[in-house]
Amino acid sequence: SMAVGSGVASLAVVLQLPSQELVPPSRGTRADMAGLSRFAVWRAAQIGIRPSALFLMRAIIAASFSTAALGRLEAARLLLAPVLVVVNGAGFVLLPTYTDRVRQGTLDVRKVRNAMVALGALGVAAGAAALLAAGWVGPLVTGGSFDVEPLAVLSWTLLVAGFGAGIPAGLAVVASGHPRRTFLVRAADSTVGLLGVALIVAAGAPELAPAGLAVGTFVGAAWLLRDLRSRAPAPPDVR
């Protein structure tokens, strides 16, 4: 069913492409396939960092405690699943937007920062709503077999907020032509996050494991914003 949905979405995208995008290149046109391949490889690797870190976190929890403990943690995540869809969807809008602004030389770091604050705040708001609604939404998720732990919801909230805050800066760096840099920062902050997970699990608090990853996401968001500021051209003098 997911394959069917992806196929329909791909067809819908092709139908919405500008006609010039569908015209084959004229004979003799040379495309920079090597450059495109380098960009695609680093971009694909960067996209895989977050799912890989989450998988490792889940593996650590299941191995250190039990799959039941992991199930309790995942139940809390499901309360925040809708906002994760929105945050991920924002990335599909921001990347082409930032790419266009980079081409025009109008990328504004302040607007990137504002987008970081907005997506981070959206995660916090969704987490607050999930905490308030956990009493009656939780049984729909768990079948009433156990209660969703508020600490687990709070922990996932921190991770969603950090993840959302890092998306605009990361995509702005990618749009500036540095997908490798984004990959390296994501890899570094995920390593920091997994170390936090290991410490939390060692302390016997699996419900706080996502908060360990959240520390890494906030570090990565600040790091990427700093990189973006150092690469961005100085704003024009309007005096």
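You'll find the structure just up there.
Description of the structure in this document. Given the structure is predicted, the values throughout are model-derived calculations rather than measurements. Residue positions are given per chain, counting from 1 as you read along its sequence in written order. Reporting in this predicted model follows two pLDDT cut-offs: at least 70 for local features of residues, and 80 or more for side-chain atom pairs to be given and counted; totals over whole chains, interfaces and linings ignore these cut-offs and use all residues. Only heavy atoms go into the side-chain values, all of them from the structure, while hydrogens and water stay out.

### Things to note about the packing of aromatic side chains
For the record, the criterion: Centre distance within 6.5 Å is the pairing criterion for rings of Phe, Tyr and Trp, where only the six-membered ring of Trp is used; planes under 30 degrees apart are then read as stacked, over 60 as edge-to-face, and the remainder as tilted. Secondary structure elements follow DSSP: runs of H or I of four or more residues count as helices, runs of E of two or more count as strands, with numbering from the N terminus. Remark: exposure states derive from per-residue accessible area (1.4 Å probe, protein chains only) relative to the maximum for the residue type, with buried under 20%, exposed over 50%, and partly exposed in between.
Tallied over the full model, the rule gives one aromatic pair. Aromatic side chains Trp 42 and Phe 183 sit 5.3 Å apart centroid to centroid with 50° between the ring planes, which places their arrangement in the tilted category. Note that Trp 42 is positioned in helix 2 (residues 33-47) and Phe 183 in helix 8 (residues 179-202), a separation of 141 residues in sequence. On the accessibility criterion, Trp 42 (28% relative accessible area) is partly exposed.

### Thoughts on the pattern of salt bridges
Our working rule: Salt bridges are counted wherever a side-chain nitrogen of Lys or Arg sits within 4 Å of a carboxyl oxygen of Asp or Glu.
For the structure shown, the criterion picks out five salt bridges. Put simply, Asp 108 and Arg 110 hold a salt bridge, and the shortest N to O gap is 3.2 Å. Owing to a relative accessible area of 21%, Asp 108 belongs among the partly exposed residues under this scheme. What makes Arg 110 exposed here is its relative accessible area of 52%. Between Arg 181 and Asp 227 there is a salt bridge; the shortest N-O distance is 2.4 Å. Here Asp 227 lies in helix 9 (residues 209-231) and Arg 181 lies in helix 8, a separation of 46 residues in the sequence. The exposure class assigned to Arg 181 is partly exposed, which follows from its relative accessible area of 27%. Each of Arg 58, Glu 74 and Arg 77 takes part in one network of salt bridges that share partners.

### As for helix 3 (residues 49-64)
Threshold: Take the number of residues in a helix, subtract one, and multiply by 1.5 Å to get its expected span. By arc we mean the arc of the directions from the helix axis to the C-beta atoms, nothing more. We call two residues contacting when some pair of their heavy atoms lies within 4.5 Å.
Between its terminal C-alpha atoms helix 3 stretches 22 Å, which fits the 22 Å expected from 16 residues at 1.5 Å a residue. Taken together, the buried positions of helix 3 are occupied by Ile 49, Arg 50, Ala 53, Met 57 and Ile 61. When helix 3 is viewed along its axis, its buried side chains cluster within an angular range of 105° and face the same direction. Opposite its buried face, helix 3 presents the exposed residues Phe 55 and Ala 63, each directed more than 90 degrees away. In this structure, the buried side of helix 3 is in contact with helix 2, helix 4 (67-78), helix 7 (150-175), helix 8 and helix 9.

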